[in-house]
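# Close look at the chain arrangement
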Amino acid sequence: MDSILQYFRTLPSDIILADISLVIITIASTFLLTKYKKWNWLWSWITSTDHKKIGIMYLFVSFLFFLRAGLEALLIRMQLAFPENEFWVFQGERFNQLTSTHGTVMIFLVATPLLIGLMNVIVPLQIGARDVAFPFMNSLSLWLFISGGILINVSFIAGGSPNAGWTTYAPLSLKEFTPGPSNTYYPIGLQVAGLGTIMGAINFIVTIIKMRAPGMKFMRMPLSTWSMLITSVLIVYAFSALAVALLLLTFERLFGTVILSSSAGNPLIWQHLFWIFGHPEVYIIALPAFGIFSDVISTFSKKKLFGYTSMVFAIILIGFLGFMVWVHHMFTVGLNANINVFFALTTMLIAIPTGIKIFNWLFTMRGGSIRFDTPMLYALGFIVTFVMGGVTGVMLGSVPADYQYHDSYFVVAHLHYVIIGATIFGVLSGVYYWWPKMFGKMLNEKLGKWNFWTFVIGFHFTFFPMHIMGLMGMPRRVFTYPEGEGLGWLNFVSTCGAFLMGIGVFIFMLNIYITTRYGKSVQLNDPWMKRGRTLEWTIPSPPPPYNFARTPIVTSGEPLWNAYENRKENIEFEGEYEDIHMPSSSSLPFFMGMAFLIASFGFVFQIWWLATLGMLGVFMTMAIRSFQNKNGYSIPKKNVIYHDKGVGY
Amino acid sequence: MKRVLTFIVTACILSGCSSIAVLNPKGTAGEKQLDLLLLSLLLMGIVLAVVFTLFVRFLIKYREKPGEENEFPIQTAGNKKLEISWIVVPFIIIIVLAIPTFATTYELDEPYTNDKKPLIIEVTGEQFQWSFYYPEYGITSTDELRLPVNRPISFKLTSNDVIHSFWIPQLGGKRDALPGKENTLRLKALETGTYDGKCAELCGAEHALMTFDTIVENKTNFSKWIENMKDGEKDG
Ligand code: HEM
Ligand SMILES: [Cu+2]
Ligand SMILES: [Cu+2]
């Protein structure tokens, strides 16, 4: 007992606090689940293979990670609020841990999975499919993401977080300079999560290519679906490069292979591989947001998307060029001028398809009839914010000027303008837009507007000053800065802005709570005042497990809108009602994810029996799956008819 | 947008633009980089102005007015001429920016010819300090860099452990100091004074504290300092 107490005394106060809150949360949720007899309900979600439920779980879990990384952002901002500040324990090493996990969690466990979650819900609905192509694999993707995420998240209370930045450059990330488990968590956690992401991408590619409703040609697909298709292709290539990089780092840390060290290897190998992944990643999290905005802007302007064809080609071009610009993250490492110049050119060129998209969005609104509901507000906020981020992106592409901006707060400003401007605004826009489709209730508009204005104003106050801080010579990832360089008040403004953003997020949660608790159910297929244009608005909200009772027949790019124009209530569905075959739920993905988690802990701490045990679990669940004979179940025709006639018409 | 503009203006007034190091260069490299910064800012300013004007105009003009809820606006699929114009115009803007970018990149990469008599300084970064070796004089200084004004300098950068990045914002852009590799950074200080130097690449716990003073002096003072350092080394 004494030794345990002694151990707790050695822990810093923030970790003790985290431990205590973890215990309280666990006890509270166990208690609530037991009291309201919700264990079965929870299990039915965990084992579900329904793309809508999986999507919602993706959204939920990544939102939890967002809260964690957002809290870290606030801690970072508190430490930096004043010159030579000493806030709590967050100086030196601990500050590096904060920025590293903030960045890593935000990119890999927030931005990417939030979009994958939203797309999981929406893509099958938009193409008129009953589920994704591989429902079991879909659930497995989710559980690999969650177990990788847990690993990265607990590192903080179990041995130390990664502390070499979200980019984890060698040789700082090698055992020699950062001993202990810290930077081993990074490659192993991301490897597991990344495996899930690759599977998810393959799933979407097959789903979109093979499962579109009759008549939905490629050039009739909504932009959200298009962007998800291209994103999935990018994921397959980019995350493979990442997997290689992570494997090299893992091997180097665990077994001392000398590949990335400076003595016999070459640390630049890491940088190249990481950015060959890293830049496309930026588009992986931006393109689906572009898709969402295209749908939202067109819906709330009551206008067909301007230049649909050029929008599609712009996405493809961006995806393609996105693989040819990675060296712009490495302009200062001393590659020769020819290389730098080539990558400067490709970087600037990418602005052209991006510009095409911006102007097409603007001209979609022209001649329309614009409503300012929250999804649209976020889309408009996106245009302003993202254009500013894009502009600084072009400035960063100008090599010699980048020698000044690189690794300074100018870059921190730029990256948040594009990532929050596109991805986070995009997800919020999409969540407000499709919330009634997912849950059958509208989110409150008034709170939505409060949420929007606090978040966006807070955003600009937080990040605009960072441009100037960068030009004043403040490097990124510093835990302190001297008095008398004029940085003080800019940083203070930035910190205040961050808290305003925090209030925005709080209002968002409040909105969800209030509407879930007290909101009225919407009885409509298309709750957005008959502005819907695409297939997801032709079915009940929330949709039945099989989505479409009968197959929709698609004759144009915007079937529902065309029906409205012809004074009809909905599109035509064809064919007879039939028994519908559904995939059965399965607990294997969950167990496989947990087995991966156990194995990962074994690897991180180099406890080989544990690692072996975990991997045995993985192979066992695989074997069980291979010999399993679960062929799904059938929903009888009469139930389908009953439901279809009862709701929505 | 207005909020942002007022913000820039107040930022400049309150802090005085002069305290924005990059906008107030005292070195050759820094001046060229500032030129590019200003050119790109100007071009991008035009882009911003166009986008924001259209944005505000369309939002005001085409918002739904009461009574229009059930109307069907005319649907337009696109417009070839417009769509081509926003491919061509950005292309031109990019060319205007790309040409000086390329020229400056090559220029900064150009080695000094011997008749310019560059001063070579071997810079070594290590956790968490900078050391500066002057082969011409055989002296080493730590965390304090002294430069003669108006003489071309050639920094040879390397590291003893992890990656660092050598940055004196007022003199010019940064260059990484990599272990096992030598990078070169060339610039000339144009005015005497003291400038902040920093490490810009995350290198461990005290990365934020890995700073150094850069003192640019006239020829006589610089020679005096060299003599002092030589004496100091003999004594030490
Ligand atoms: C919610 C408000 C947010 C605030 C106040 C915030 C604040 C910050 C700050 C101050 C830094 C710089 C840390 C440093 O260099 O010392 C930073 C870094 C970073 N942030 Fe955020 N951030 C926020 C949200 C986000 C979001 C939503 C994302 C992405 C989805 C994101 C991604 C990153 C990344 C990738 C880095 C770089 C980390 C690194 O240098 O390794 N942040 N953030
Ligand atoms: Cu990039
Ligand atoms: Cu450093």
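All chains use their own residue numbering, which begins from 1 and follows the written sequence. Each chain is given a letter, starting from A, and each ligand a number, starting from 1, according to the order in which they appear as written. Totals for whole chains, interfaces and linings use all residues, but because this is a predicted model, local features are given only for residues with pLDDT of at least 70 and pairs of side-chain atoms are given and counted only at 80 or more. Only heavy atoms go into the side-chain values, all of them from the structure, while hydrogens and water stay out.

### Some details on the overall build of chain A
Here a helix means four or more residues in a row that DSSP labels H or I, a strand means two or more in a row labelled E, and each is numbered from the N terminus. Broken down by element type, chain A carries 21 helices and four strands. We take the radius of gyration over the C-alpha atoms and set the globule estimate at 2.2 Å times the residue count to the 0.38 power. Taking 26 Å as the expected radius of gyration for a compact globule of 649 residues, we find that chain A reaches 25 Å, a close match to that expectation. A principal-axis box enclosing the C-alpha atoms of chain A has dimensions of 70 × 60 × 45 Å. By the burial criterion, 65% of the 649 residues in chain A qualify as buried. Type-normalised accessible area, obtained with a 1.4 Å probe on protein chains alone, sets the label of each residue: buried when under 20%, exposed when over 50%, and partly exposed for intermediate values.

### Here we look at the coordination of the iron atom of ligand 1
Residue and element names in this part refer to chain A. A donor here means an N, O or S atom no more than 2.8 Å from the metal, or no more than 3.2 Å when the metal is Na, K or Ca. Since water is not included, a site may seem to lack partners. For the iron atom of ligand 1, the full set of protein donor atoms is His 102 (NE2) and His 416 (NE2), and the range of their distances to it is 2.0 Å. Key to geometry: four donors with every angle between 85 and 135 degrees are tetrahedral; four donors are square planar and six octahedral where opposite donors lie over 155 degrees apart and all remaining angles lie between 65 and 115; all other sites are irregular. One can describe the site at the iron atom of ligand 1 as octahedral: its six donor atoms subtend angles covering 86 to 179 degrees at the metal. Of this pair, His 102 sits in helix H5 (residues 92-126) while His 416 is found in helix H15 (residues 409-439), placing the two residues 314 residues apart along the sequence. Take His 102 and His 416: they sit in the same class, and that class is buried.

### Regarding the environment of Ser 263 of chain A
Residues and elements named next belong to chain A. In this structure, Ser 263 sits in the loop between helix H8 (223-255) and helix H9 (267-301). Of the residues examined, Ser 263 reaches a relative accessible area of 66% and is grouped as exposed. Considered as a pair, Ser 263 and Pro 171 are 92 residues apart in the sequence and their alpha carbons are 9.9 Å apart. A 3.5 Å cut-off defines polar contacts: any pair of N or O atoms within that distance qualifies, except that in protein one atom must be a possible hydrogen donor and the other a possible acceptor, and neighbouring residues in sequence count only when both atoms are side-chain atoms. Looking at Ser 263, its side chain comes within polar contact range of the side chain of Ser 261, at 3.2 Å.

### Observations concerning the sheet that holds strand E6 (residues 164-168) of chain B
All names here are of chain B. The strand order E4-E10-E9-E6-E7 describes an open sheet built from five strands, whose pairing is mixed. The open sheet terminates on both sides in strands that have one partner only, identified here as strand E4 (144-148) and strand E7 (172-177). The average undirected angle you get between the axes of adjacent strands in this sheet is 25 degrees. For two strands to pair, DSSP has to find at least two bridges joining them. Summarising the sheet, E6 and E7 pair through four bridges and their orientation is antiparallel. By the bridge assignment, Ser 165 is partnered in E7 with Asp 176. Angles run from 0 to 180 degrees between N-to-C directions of axes, and those axes are lines fitted to C-alpha atoms, restricted for helices to the stretch in contact.

### Focus: the coordination of the copper ion (ligand 3)
Residues and elements named next belong to chain B. Around the copper ion (ligand 3), the protein supplies Cys 199 (SG), Glu 201 (O), Cys 203 (SG) and His 207 (ND1) as donor atoms, at distances of 2.2 to 2.5 Å. The site at the copper ion (ligand 3) holds four donor atoms, and with the angles between them running 86 to 125 degrees, its shape is tetrahedral. Donor residues for the copper ion (ligand 3), ordered by position in the chain, follow C-x1-E-x1-C-x3-H. Note on accessibility: Cys 199 and Cys 203 belong to one class, buried.

### Examining the domain arrangement of chain A
Residues and elements named next belong to chain A. Note that the domain bounds reflect an automated or database-derived domain assignment. The assigned domain composition of chain A is domain 1 (1-37) and domain 2 (38-586 + 630-648). Computed over C-alpha atoms, the centres of domain 1 and domain 2 are 32 Å apart. Facing 13 residues of domain 1, the contacting portion of domain 2 comprises nine residues. Taken together, both faces of the contact between domain 1 and domain 2 bury some 1,000 Å²; the carbon and sulfur share is 69%. Two parts placed together each lose some accessible area; with a 1.4 Å probe, that loss summed over both constitutes the buried area. Sorting the residues of domain 1 by area buried against domain 2 places Asp 14, Ile 15 and Leu 33 first, and these three jointly supply 48% of that buried surface. Just to be clear on terms, a salt bridge is a Lys or Arg side-chain nitrogen sitting within 4 Å of an Asp or Glu carboxyl oxygen. There are one salt bridge connecting domain 1 and domain 2. Two residues, Asp 14 and Arg 94, come together in a salt bridge whose shortest N-O distance is 2.6 Å. Amino acid classes used here: Ala, Val, Leu, Ile, Met, Phe, Trp, Tyr, Cys and Pro are nonpolar; Asp, Glu, Lys and Arg are charged; the rest, including Gly, are polar. In terms of residue class, the side of domain 1 that touches domain 2 is built from seven nonpolar, three polar and three charged. The contact criterion used throughout is that any non-hydrogen atoms of two residues lie within 4.5 Å.

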